[in-house]
Amino acid sequence: MFNSFAKAGLAALIALGGFSATASTASAGGPEIRFGIYNAGGHGHGGPGWHRERDRRRDNCSPWFAEEKASRMGLRRARVVDVSPRRVVVAGFDRHGRDRVVFANVRGCPVIRR
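Remember, it's a predicted structure, so these values are computed and weren't measured experimentally.

The rules behind the values
Residues numbered from 1 in each chain as written. Predicted model: local features only at pLDDT ≥ 70, side-chain atom pairs only at ≥ 80, totals over all residues. Heavy atoms only, no water. Core = buried A, V, L, I, M, F, W, Y, C linked by side-chain atoms within 4.5 Å. Buried < 20%, exposed > 50% of the residue type's maximum accessible area, 1.4 Å probe, protein only. Helix = DSSP H or I, 4+ residues; strand = E, 2+ residues; numbered from the N terminus. Contact = heavy atoms within 4.5 Å. Patch = residues over 30% accessible without salt bridge, like charges linked within 9 Å, V, L, I, M, F, W, Y side chains within 5 Å. Areas by Shrake-Rupley, 256 points an atom, 1.4 Å probe, with all protein chains shown as cover. Salt bridge = Lys/Arg side-chain N within 4 Å of Asp/Glu carboxyl O. Lys, Arg positive; Asp, Glu negative; His and termini not counted. Charge placed at Lys NZ, Arg CZ, Asp CG, Glu CD. Arc of directions from axis to C-beta. Disulfide = S-S within 2.5 Å.

A. Local environment of the nonpolar core. Cys61, Ala66, Ala70, Leu75, Val88, Val90, Val101, Phe103 and Cys109 form the largest nonpolar core, which has nine residues in total. Going through the elements one at a time, α3 (63-72), β2 (87-94) and β3 (97-104) are the ones with two or more residues in this core. Those residues within four positions of Ala70 in sequence are excluded, and the remaining contacts are Leu75, Ala78, Val90 and Phe103.

B. Seen up close, a positive patch on the surface. A surface patch of like charges, here positive, comprises Arg76, Arg77, Arg79 and Arg98. With three residues, strand β1 (residues 76-83) is the largest single contributor of residues to the positive patch. The topology assignment puts Arg77 in strand β1. Assessed through its relative accessible area of 68%, Arg77 is described here as exposed.

C. α3, seen in detail. Within the sequence span of α3, burial applies to Ala66, Lys69 and Ala70. One side of α3 carries all its buried residues, which in axial view fall inside an arc of 100°. Seen from the open side of α3, the exposed residues pointing more than 90 degrees away from its buried face are Trp64 and Arg72. If you follow the buried residues of α3, they end up packed against β1, β2 and β3. Gly74 lies just past α3 and shows a positive phi near 110°.

D. Spotlight on the state of the cysteines. Throughout the structure, instances matching the rule amount to one disulfide. In this model, Cys61 is linked to Cys109 through a disulfide, with the two sulfur atoms separated by 1.8 Å. Between Cys61 and Cys109, the S-S dihedral sits near 105°, and the bridge is therefore right-handed. On the criterion of sequence distance, the pair formed by Cys61 in the loop between α2 (50-58) and α3 and Cys109 in the loop between β3 and β4 (111-113) is long-range, its members being 48 residues apart.

E. Spatial organisation of unusual backbone geometry. Positioned with a positive phi, Arg77 is a non-glycine residue whose angle comes to about 50°. A positive phi angle, near 50°, is found at Cys109, a position not held by glycine.

The quantities given are spatial measurements derived from coordinates; they are silent on function.
Below, the structure written as structure tokens:
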């Protein structure tokens with residue numbers, strides 16, 4: 001009899017622990033009231049949420065930046081030949097002939113393969 005009460009108590013303790021973990025994360029974005037004037041245009045501000053679009057564009061390697069970086073690395077007539085969610089491939093010529101540089105498609109365009 002005592003064994004079944006102990007099992008039921010342990011099950012209730014585990015269930016309550018699970019509820020407390022989910023309630024704390026769900027209540028992280030509580031109600032929010034904002035007062036103010038939103039600028040709907042001008043100076044690059046497109047209203048509420050404009051900063052998310054700007055940050056999303058800045059988080060990946062833009063093709064023009066990859067071309068500039070490849071030309072600074074010594075690749076002449078550099079041009080982007082492939083863009084995927086993971087990499088940006090730039091092809092061109094160096095002093096030995098055709099060459100390509102592969103950049104990661106993240107901020108700063110780090111070199112994956114030369």
